[in-house]
Amino acid sequence: SDMFAMSFATSHKDMGEQKVEIMKDKPEIHFKKWNGEVDIGVSYENLAAEATASSTSERTEWKGEKEEVHAYSLPATDGMEDGGYEIDVVLLEKPETNLFDFTLTGTDNLDFFYQPELTEDEVKEGAVRPENVIGSYAVYYKNKKDHREGHTNYATGKAVHIYRPKIKDAAGSEVWGTLAYAKGILTVEVPQDFLDTATY
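Predicted model only: the values in this text are computed from it and were never measured. (Residues numbered from 1 in each chain as written. Predicted model: local features only at pLDDT ≥ 70, side-chain atom pairs only at ≥ 80, totals over all residues. Heavy atoms only, no water.)

Colleague: Can you walk me through the sheet that holds strand E2 (residues 18–23) in this structure?
Modeller: Within a beta sheet, neighbouring strands are joined by backbone hydrogen bonds and run either parallel or antiparallel to one another. Spatial ordering of the open sheet is given by E1-E2-E3-E4-E8-E15-E14, a layout of seven strands whose pairing is antiparallel. The sheet is open, and its two borders are formed by strand E1 (3–8) and strand E14 (178–182), each paired with just one other strand. The sheet shows a mean angle of 20° between the axes of neighbouring strands, taken without regard to direction. Judged from the six bridges that link them, E1 and E2 form a sheet pairing that is antiparallel. Among the inter-strand pairings, Phe8 is bridged to a residue of E2, identified as Gln18. (Pairing = 2+ DSSP bridges. Helix = DSSP H or I, 4+ residues; strand = E, 2+ residues; numbered from the N terminus. Axes fitted to C-alpha atoms, helices over the stretch in contact; angles between N-to-C directions.)

Colleague: Any chance you could explain the environment of Val69 here in plain terms?
Modeller: By secondary structure assignment, the location of Val69 is in strand E6 (residues 67–74). Distance in space between the C-alpha atoms of Val69 and Asp88 is 5.6 Å, their sequence separation being 19 residues. The residues contacting Val69, other than those within four sequence positions of it, are Pro27, Tyr44, Leu47, Thr60, Glu61, Trp62, Ile87, Asp88 and Val89. (Contact = heavy atoms within 4.5 Å.)

Colleague: Explain the side chain of Glu61 here, please?
Modeller: Checked against the element boundaries, Glu61 lands in strand E5 (residues 59–63). Within the structure, the side chain of Glu61 is placed 2.8 Å from the side chain of Arg59, a separation counted as a polar contact. (Polar contact = N/O pair within 3.5 Å; in protein donor to acceptor, adjacent residues only side chain to side chain.)

Colleague: Honestly, the side chain of Ser43 in this entry has me stumped. Any pointers?
Modeller: With respect to the helices, strands and loops of the structure, Ser43 is situated in strand E4 (residues 38–43). Among the polar contacts made by the side chain of Ser43, one reaches the side chain of Glu45 at a distance of 2.9 Å. Apart from residues no more than four positions distant in its own chain, Ser43 is found in contact with Pro27, Glu28, Asp101, Phe102 and Thr103.

Colleague: Got a minute to help me understand the sheet that holds E6 in this structure?
Modeller: Strands sit in the order E5-E6-E7 across an open sheet of three strands; the sheet is antiparallel. Sheet topology places E5 and strand E7 (84–91) at the edges, where each strand pairs with a single neighbour. Strand after strand, the sheet turns through a mean of 15° between neighbouring axes, direction not considered. Pairing analysis gives five bridges linking E5 to E6, with the strands arranged antiparallel.

Colleague: Sorry if this is basic, but what is going on with the packing of aromatic side chains here?
Modeller: Each aromatic ring pair is characterised by the separation of its centres together with the angle its planes make. Scanning the model with the defined rule gives eight aromatic pairs in all. With 5.5 Å between their ring centres and 20° between their planes, Trp34 and Tyr141 make a pair best called stacked. Here Trp34 is found in the loop between strand E3 (28–33) and E4, whereas its partner Tyr141 is found in strand E10 (residues 136–141), with 107 residues between them in sequence. Note on Trp34: relative accessible area 0%, which makes it buried. (Phe/Tyr/Trp six-rings, centres within 6.5 Å; stacked < 30°, edge-to-face > 60°. Buried < 20%, exposed > 50% of the residue type's maximum accessible area, 1.4 Å probe, protein only.)

Colleague: Is there a simple way to explain the pattern of salt bridges in this structure?
Modeller: Between side chains of opposite charge, pairing is possible as soon as their charged atoms come close. Applying the stated criterion to the full structure yields nine salt bridges. With its nearest N and O atoms 3.2 Å apart, the salt bridge here joins Glu28 to Lys26. Relative accessible area serves as the criterion here: at 15%, Glu28 is assigned to the buried category. Of the charged contacts in the structure, one is a salt bridge between Glu61 and Arg59, with a shortest N-O distance of 2.8 Å. Three or more residues joined by partner-sharing salt bridges are found here, namely Lys19, Glu21, Lys32 and Asp39. (Salt bridge = Lys/Arg side-chain N within 4 Å of Asp/Glu carboxyl O.)

Colleague: Hey, could you run me through the pairing of E6 in this one?
Modeller: Successive residues of a regular strand alternate their side chains across the two faces of the sheet. For E6, a buried count of six out of eight residues is recorded, marking the element as mostly surrounded by other parts of the structure. Connecting E5 to the next strand, E6, in antiparallel fashion are three residues. Of the pairings in the sheet, the one linking E6 to E7 comprises eight bridges and is antiparallel in character. Counterpart to Glu68 in the pairing with E7 is Val90.

Colleague: Help me understand unusual backbone geometry, please; the structure alone is not making it clear to me.
Modeller: The general pattern is negative phi for most residues beyond glycine and trans for most peptide bonds. Of note in the backbone geometry, Trp34 takes a positive phi value of approximately 55° without being a glycine. For Asn35, which is not glycine, the phi torsion reads 55° and is therefore positive. Position of Asn35 among the secondary structure elements: in the loop between E3 and E4.

Structural data, given as structure tokens:
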């Protein structure tokens, strides 16, 4: 097989199968929800290297000369009831750019909603937005939500949440990155001064 596949449990009934498919020959991962009605592909074109991984380790690594991509599942937590999935780009030396592009496919029927910092009024009203949600994207199925008995349960219609990326160096220093989505490209911007002083 040219891919690994993992199914995910879901916290709601009748949501159909949810699974992650990981391509072996390149850093490309598909997130399928509602029996494949939504199929979001995420690929990192900058690295074309054979994956060195096994389907049992629940971790896939693609290794290049200057960087690697690691992909693995995250356990369920408060706020992420169905668990999650992490895609890390590991830099082995200082990169030539501070912008890292991921190509997204299967997004035509999805809406991307940027989650800015809360306004003063929202904070006064008691609203809370976790640090990793500020600057993130909530991604919704355009035309489907709710649940009719005997049919697929779309719940809120939320397909995925793309959390704000945290960048860490080999010495443990960390900084938040910035996300931007436009026309099928999700860009992670890392502060240049962090890259200039980071330990690789």
